[in-house]
Amino acid sequence: MITVLLGLAGAVVYGAADFLGGLASRRARAVSVTAVAAAVGLAPLLVGLALLGGRFGGEAVRWGVVAGVSGGVGVLLLYAALATGPMSVLSPLTAVFTAVVPVAVALLRGTVLSPLGVVALVVAGVAVVLVAAVPDSGGARLTARGVVTAAAAGCGLGGIVLAYDASPTDAGVATLVVARVVQAVLLGAAALVVVRLRPGGPPHDAGSAGGPAGAGSGAVRSGPGRALVLVVVGCGVLDAVANLFIQAGLHSSDDPSTLPVMSVLNALYPIGTVLLAGLVLRERLTAVQATGIVLAFAASVGLALS
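Residues numbered from 1 in each chain as written. Predicted model: local features only at pLDDT ≥ 70, side-chain atom pairs only at ≥ 80, totals over all residues. Heavy atoms only, no water.

Per-residue pLDDT for the chain has a mean of 82; in total, 88% of the residues score no lower than 70. Below a pLDDT of 50 lies the segment residues 204–224, which in the model reaches 85 contacts outside its immediate sequence neighbourhood of four places, other chains included. (pLDDT = per-residue confidence, 0-100. Contact = heavy atoms within 4.5 Å.)

Running from N to C, helix H2 (residues 30–40) and helix H9 (residues 225–250) cross one another at 60°; their axes reach a closest spacing of 7 Å. Between H2 and H9, the interaxial angle falls into the category oblique. Here H2 and H9 pass one another in a crossing that is right-handed. Residues Val-33, Val-36, Ala-37 and Val-40 of H2 lie in contact with H9, whose contacting residues are Val-232, Val-233, Cys-235, Gly-236 and Val-237. When its residues are assigned to classes, the contact of H2 with H9 shows 8 nonpolar, 1 polar and no charged. (Axes fitted to C-alpha atoms, helices over the stretch in contact; angles between N-to-C directions. Helix = DSSP H or I, 4+ residues; strand = E, 2+ residues; numbered from the N terminus. Parallel < 35°, antiparallel > 145°, perpendicular 65-115°, else oblique. Left-handed = near helix turned anticlockwise from the far one by under 90°. Nonpolar A, V, L, I, M, F, W, Y, C, P; charged D, E, K, R; others polar.)

Turning our attention to the nonpolar core. If you look at the biggest cluster of nonpolar residues, it comprises 58 residues, and the most contacted ones within it are Tyr-164, Leu-250, Leu-268 and Leu-303. The element best represented in this core is helix H8 (residues 174–197), accounting for 8 residues. Ala-37, Val-232, Ala-277 and Leu-281 belong to the second largest nonpolar core, which has 10 residues in total. (Core = buried A, V, L, I, M, F, W, Y, C linked by side-chain atoms within 4.5 Å. Buried < 20%, exposed > 50% of the residue type's maximum accessible area, 1.4 Å probe, protein only.)

Attention now moves to the pattern of salt bridges. Scanning the model with the defined rule gives 4 salt bridges in all. Between Arg-55 and Asp-170 there is a salt bridge, with its nearest N and O atoms 3.1 Å apart. In this pair, Arg-55 sits in the loop between helix H3 (42–52) and helix H4 (58–82) while Asp-170 sits in the loop between helix H7 (144–166) and H8, placing the two residues 115 residues apart along the sequence. With relative accessibility at 45%, the residue Asp-170 sits in the partly exposed group. With a shortest N-O distance of 2.7 Å, Arg-180 and Asp-239 are connected by a salt bridge. (Salt bridge = Lys/Arg side-chain N within 4 Å of Asp/Glu carboxyl O.)

If you want it as structure tokens, here you go:
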């Protein structure tokens, strides 16, 4: 039960971070927003390290580097995909691969799920697609390149969950700190490259800058620079807190089914995004998204009981 609660909490907080990243990305380049948010996210992780402790052993550092590289590359590939194809297809596709990769690895390791658990995971996977599906009015054409890039992005983002799962239990927050430093460096370098290639131009990157799949939402109206800074800071803090929830959930139980359960729940982050878009921006949920949210909660109950 605690694993499911931590997974859902992480997904909701990820979704909130993604929402704020989406708002900020309407005023600044998405890759720049993500780079700054990644750097800001170091602060709460360092506080968590001081309060909760952690050990920077060889395994903790190694898996932290893997998580940072995997996440950084995944985010960059996601932007590349969304810049060349319809978000309504590529965003859910990325989220699905984010969930499927850790599940596949767990099954290959010999993890056996109960019948109820299998059904709940399948229902949750369907919910991911439905919740992440958003209308795309840009008329972008779906291409093989976009599909492959989105799938690769999902694999990279799924790699974060695998790396956190593989990190030693006594590593605690140390693995997250290493991952955040690596990701901030990678995204910072990418942001510098983008700025040099398109100096002074309008924001061009597609997507948003929040959760593991970056499937951002809603538009934002122009606001003062101070508000933009606060939004980016909020994005970074919430993203770091979500990582704490996911790491805690992965190490909350010795049950081998914890990995697939957490990976699928983690991919439900669009719930937080679309709910906040409705509350703050007054965006209406589509019938498809509402159905996805209902299925997501039903799947969560099934996972808790399995």
